[in-house]
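# A structural walkthrough
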Amino acid sequence: MLPTDSHVHTEWSWDCLAGSMTASCRKAVDLGLRSIAFTEHTDFTAWLIPPEAIATMPEKYQEMVRTDGTLLPPPLDVMGYLSCIEECRTRFPGLRILSGLELGEPHWHSTDVKNILRSGTFDRVLGSVHSLREGPHALVVERLHGLRRPDDLLRDYLAEALAMVEGSNAFEVLGHLDYPVRAWPAEAGPFDPGRFEEEFRGVLRALAAGGRVLEINTAVPLDALIVRWWRECGGKWISFGSDAHEPGQVARDFARMGALAEGCGFGPGRNTSDFWRRS
């Protein structure tokens, strides 16, 4: 049995070009999933977009760029999103459908985060770092490759992830801890997490101390070494997330990553939608 996909985006996420909650539910049923969580992007950070990059962006994103060159994502339509959740629960009664949010840099936006959490009931709340400060501005991590050495960028990212874990209690699951690896430059050589063990363990210890959950994000599968460190640091819970932005990506690579998690000492919870736990 495949784990719950606890990190899926649909048409309600501002950055989805081909998202569909209904089609994602249908895909989950076809795969035999018992549960799925729709954790829509909830971002309050305005990112500086280099002028040369704007013209290459999809038109939907270009329209979000303000006159000062920053892109501020539109707010989540909470009422519309939760209504869609209820419609899908009715259409797919055999599938447990969980509501959720992916909060970007929640430690930077505590008031906005508190307000949105009060606006509805959310079963899964992820905390993620997508950007870093660059002078007076924030840039998405992908655009910092080339401005910072890959090793420096990853260490800066992990320092910010630690600040988020220590500075916000608004989320339960830490999303894609290895996010900069998605754009790891080929000229830097293969990514070796062992070179950053101290920094990874610092985040993992803080996460475990708070009784929170580490995500195995399968957009770029988390290295088994990091999962083993999580157990050694006292981590008790694992969540699986495809980070799907279109239905065909739901539960991608879950069978392989489930086997990896079992090899690192974690197994399914009591119920199908539970986080996996230390075995």
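Scroll up a little and you will see the structure.
Okay, so let's go over this structure.

Conventions adopted
Residues numbered from 1 in each chain as written. Predicted model: local features only at pLDDT ≥ 70, side-chain atom pairs only at ≥ 80, totals over all residues. Heavy atoms only, no water. Axes fitted to C-alpha atoms, helices over the stretch in contact; angles between N-to-C directions. Helix = DSSP H or I, 4+ residues; strand = E, 2+ residues; numbered from the N terminus. Parallel < 35°, antiparallel > 145°, perpendicular 65-115°, else oblique. Left-handed = near helix turned anticlockwise from the far one by under 90°. Contact = heavy atoms within 4.5 Å. Nonpolar A, V, L, I, M, F, W, Y, C, P; charged D, E, K, R; others polar. Buried < 20%, exposed > 50% of the residue type's maximum accessible area, 1.4 Å probe, protein only. Arc of directions from axis to C-beta.

### With respect to the packing of helix α7 (residues 197–209) against helix α8 (residues 224–232)
Contact geometry for α7 and α8: axes closest at 9 Å, N-to-C directions at 45°. Taken together, α7 and α8 sit at an angle that is classed as oblique. α8 is crossed by α7, and the crossing has right-handed handedness. For the pair α7 and α8, contact is made by Glu197, Phe200, Arg201, Leu204, Leu207 and Ala208 and by Ile226, Trp229, Trp230 and Glu232, respectively. Across the contact of α7 with α8, the residue classes break down as 7 nonpolar, no polar and 3 charged.

### Brief notes about the environment of leucine 174
Position of leucine 174 among the secondary structure elements: in strand β9 (residues 173–174). Given the relative accessible area of 1%, leucine 174 is considered buried. On a C-alpha basis, the gap between leucine 174 and glutamate 160 in space is 12 Å, while along the polypeptide they are 14 residues apart. Non-local contacts of leucine 174, meaning those with residues more than four positions away in its chain, are made with Gly127, Met164, Val165, Val203, Leu207, Val213, Leu214 and Glu215.

### Section: helix α9 (residues 254–263)
Buried within α9 are the following residues: Phe254, Met257, Gly258, Leu260 and Ala261. Taken down its axis, α9 places every buried residue within 160° of arc, on the same side. What points out from α9, more than 90 degrees from its buried face, is the exposed set Ala255 and Gly263. Of the surrounding elements, those touching the buried residues of α9 are β1 (5–8), β10 (213–217), α8, β11 (237–241), β12 (266–267) and β13 (276–278). Once α9 finishes, glycine 265 follows within two positions and takes phi at roughly 100°, a positive value.

The quantities given are spatial measurements derived from coordinates; they are silent on function.
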